[in-house]
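# Close look at the chain arrangement
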Number of protein chains: 2
Amino acid sequence: MAADPALRAVRAVVFDVFGTVVDWRGGIVREGGALGAARGWEVDWPAFADAWRGRYQPSMERVRSGERPWVPLDVLHRESLDELLAEHGLGGAAEADRAALTLAWHRLDPWPDAVPGLLRLRRSRVIAPLSNGNVALLVDMARRAGLPWDLVLSAELVERYKPHREAYLSAPRLLALEPPQVLMVAAHVGDLVAARGCGLRTALVRRPDEWGPGGRAEEAGPDDGIDLVVDSFVELADALGA
Amino acid sequence: MAADPALRAVRAVVFDVFGTVVDWRGGIVREGGALGAARGWEVDWPAFADAWRGRYQPSMERVRSGERPWVPLDVLHRESLDELLAEHGLGGAAEADRAALTLAWHRLDPWPDAVPGLLRLRRSRVIAPLSNGNVALLVDMARRAGLPWDLVLSAELVERYKPHREAYLSAPRLLALEPPQVLMVAAHVGDLVAARGCGLRTALVRRPDEWGPGGRAEEAGPDDGIDLVVDSFVELADALGA
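A short tour of the structure in this document, coming up. (Residues numbered from 1 in each chain as written. Chains lettered and ligands numbered in written order. Predicted model: local features only at pLDDT ≥ 70, side-chain atom pairs only at ≥ 80, totals over all residues. Heavy atoms only, no water.)

### Remarks on the overall build of chain A
Helix and strand counts for chain A come out as 12 helices and 6 strands. Here the C-alpha atoms of chain A give a radius of gyration of 18 Å, agreeing with the 18 Å that 2.2 N^0.38 yields for 242 residues. Taken along its principal axes, the extent of the C-alpha atoms in chain A is 60 × 35 × 35 Å. Relative to its 242 residues, chain A shows a buried fraction of 55%. Carbon and sulfur atoms form 52% of the exposed surface of chain A, whose accessible area is close to 9500 Å². (Helix = DSSP H or I, 4+ residues; strand = E, 2+ residues; numbered from the N terminus. Rg over C-alpha atoms; globule rule 2.2 N^0.38 Å. Buried < 20%, exposed > 50% of the residue type's maximum accessible area, 1.4 Å probe, protein only. Areas by Shrake-Rupley, 256 points an atom, 1.4 Å probe, with all protein chains shown as cover.)

### Thoughts on the interface of chain A and chain B
Taken residue by residue, the interface counts 19 residues in chain A and 19 residues in chain B. Both faces combined, the contact of chain A with chain B buries some 1600 Å², and carbon together with sulfur accounts for 56% of it. Scanning the region where chain A abuts chain B turns up 4 salt bridges. Across the pair Arg173(A) and Glu159(B) runs a salt bridge, and its minimum N-O distance is 4.0 Å. Remark: the boundary between chain A and chain B carries 8 residue pairs in polar contact (both at pLDDT 80 or more). The set of elements that each furnish at least two residues to the side of chain A that touches chain B consists of helix H7 (114-124), helix H8 (135-145), helix H9 (155-158) and helix H10 (165-175) of chain A. Ranked by residues supplied to the side of chain A that touches chain B, first place goes to H8(A) with 4 residues. (Contact = heavy atoms within 4.5 Å. Buried area = accessible area lost by both parts, 1.4 Å probe. Salt bridge = Lys/Arg side-chain N within 4 Å of Asp/Glu carboxyl O. Polar contact = N/O pair within 3.5 Å; in protein donor to acceptor, adjacent residues only side chain to side chain.)

### What to know about unusual backbone geometry
Trans is the common state for peptide bonds, and a negative phi is the common state for residues other than glycine. Here the bond from Lys162(A) into Pro163(A) is cis, since omega is 10°, no more than 30 degrees from zero. One can find Pro163(A) in the loop between H9 and H10. Here the phi dihedral of Glu159(A) falls at roughly 55°; this positive angle occurs in a residue that is not glycine. Its location among the elements puts Glu159(A) in the loop between H9 and H10. Note on Glu159(A): relative accessible area 34%, which makes it partly exposed. Within the chain, Ala176(B) stands out as a residue other than glycine whose phi angle is a positive 55°.

### Let's talk about the sheet that holds strand E2 (residues 126-131) of chain A
Residues and elements named next belong to chain A. If you trace the 6 strands from one edge of the open sheet to the other, you get E3-E2-E1-E4-E5-E6, paired in parallel fashion. At either margin of the open sheet sits one strand with a lone partner, and together these are strand E3 (153-154) and strand E6 (228-230). Of the strand pairs in this sheet, strand E1 (residues 12-15) and strand E4 (residues 182-186) are connected by 4 bridges, and their pairing is parallel. Of the residues in E4, the one forming a bridge with Ala12 is Val182. (Pairing = 2+ DSSP bridges.)

### A word on the relation of the copies chain A and chain B
Between the two copies, chain A and chain B, the superposition gives an RMSD of 0.0 Å; the rotation angle is 180° and the shift along the axis is 0.0 Å. Between the two chains, the operation in question is that of a two-fold axis. No C-alpha of chain A approaches the rotation axis more nearly than that of Leu151(A), which lies at 2.4 Å. The share of interface residues of chain A whose copies in chain B are also at the interface is 100%, consistent with both copies meeting through the same surface. (Least-squares fit on C-alpha atoms with pLDDT ≥ 70 in both.)

### A short note on helix H3 (residues 45-54) of chain A
Turn by turn, an α-helix covers 3.6 residues, leaving residues three or four places apart pointing in a common direction. Residues and elements named next belong to chain A. Among the residues of H3, those classed as buried are Trp45, Phe48, Ala49, Trp52 and Arg53. One side of H3 carries all its buried residues, which in axial view fall inside an arc of 130°. Here the buried face of H3 lies against helix H2 (24-39), helix H4 (56-64), helix H5 (73-87) and helix H6 (95-102). (Arc of directions from axis to C-beta.)

### Structural notes on the sheet that holds strand E3 (residues 153-154) of chain B
All names here are of chain B. Read across the sheet, 6 strands follow the order E3-E2-E1-E4-E5-E6 without closing on themselves; strand pairing throughout is parallel. The sheet is open, and its two edges are formed by E3 and strand E6 (228-230), each paired on a single side. Summarising the sheet, strand E4 (residues 182-186) and strand E5 (residues 201-205) pair through 4 bridges and their orientation is parallel. Residue pairing in the sheet places Leu183 in a bridge with Arg201 of E5.

### Re the pattern of salt bridges
Residue and element names in this part refer to chain A. Applying the stated rule across the entire model yields 48 salt bridges over all chains. Where Glu83 meets Arg55, a salt bridge forms, and the shortest distance between an N and an O atom there is 2.4 Å. Note that Glu83 is positioned in helix H5 and Arg55 in the loop between H3 and H4, a separation of 28 residues in sequence. Note on Glu83: relative accessible area 35%, which makes it partly exposed.

### Quick look at the packing of aromatic side chains
All names here are of chain B. On inspection of all chains with the given rule, the structure shows 20 aromatic pairs over all chains. With 5.7 Å between their ring centres and 45° between their planes, Phe15 and Trp149 make a pair best called tilted. Separated by 134 residues along the polypeptide, Phe15 in strand E1 (residues 12-15) and Trp149 in the loop between helix H8 (135-145) and E3 bring together distant segments of the chain. For Trp149, a relative accessible area of 5% corresponds to the buried category. Ring centres 5.6 Å apart and planes at 90° place the aromatic pair Phe18 and Trp105 in the edge-to-face group. In this pair, Phe18 is assigned in the loop between E1 and helix H2 (24-39) and Trp105 in the loop between helix H6 (95-102) and helix H7 (114-124), connecting sequence segments 87 residues apart. (Phe/Tyr/Trp six-rings, centres within 6.5 Å; stacked < 30°, edge-to-face > 60°.)

Here you go:
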């Protein structure tokens, strides 16, 4: 059992996905590299992956602000890809290639500790993603990577991208729990601070390789109020006594 | 592979749950019987189970009609239970007993073919419940019974009870599929006729024991347009070439 009474009370653990559960950068480099080699494209794929991810928050912000109505993340990924291809002189890329590359986000590999940790956590807690990724993306990813989710939670279910409060509060609501019975896990402090503002418990998992080898993990500050900091999902399972 | 081209195109299989995947009557009799014996209640539990289930459609109809706002099925089950206990002279039953008995619907056993069939289907199709049961109920049930869902779909996600069209259409929408790529499986013809009206494919599974041993399964009529009739989920997996 977890030593901390607040963690003992946790009945469900929900996870940010991109960067927290899976290595989005490595996956995009792998998939882009394979397609680019087949097509003879000259692209710096690590830089391309970073630029694609760099459009992630701005593209969601246009939905959050109400500038445009809800669209799932697959649509935002595709729009950002089209812009990036044009900037790279690949504006003539075929429709089928664009569609296939967009689906690379469905085929990302988990960090090595993710599945072992989730399998342990699942024995005593409900586990689910709580991602801005759309449901179809998260289902495809889980089937391919063997992520043993009990259910799939997504911003798409409430049509509000994190950090909107409704996205976080959908987890306790749909699981018939109180917010402090739900632990949000992410590699990103901003995600956790927003979750905490909704009453959820929070755990930061350090992912120093999210933006490539030799990078630095985000760290919690003293005022962030994060309940737990770990280096892997296995360490998280230990901390929860799972 | 499935012989029928329409079935070959099916990418996801979604299931009605009560009576189709699990034996609600046997579960309520088991759980009610155990609690009643401990409390010394004199109750005919098979009749009690039937009466409780008998209030299911009328209780949802008050939500569907707009007479009352959305409430999850756990709330409707509890209200119906309170009425039934009063009718049985058990109006003094303790709050904890009422809460525990309501959760009996989270602890129903699958029909014997359900898990073997789902494990086969899951290899080539996305599988999910598509139930009027609320998410927490479906998650608890799946964890206890080992139902290997890829995700949990529920009327609660759209706050519209079946046979509302939004409940059925949530499946292709969230899975990024066209309606004919989704197969709805149920033991109840009405559920399937409504799903077909939304463009989904349909399979009737005969469950003659739903209302007790020696009962009769619902049968498809010539005008119902049901694509497939089977006697088990294993037979369904055979038909889909899964």
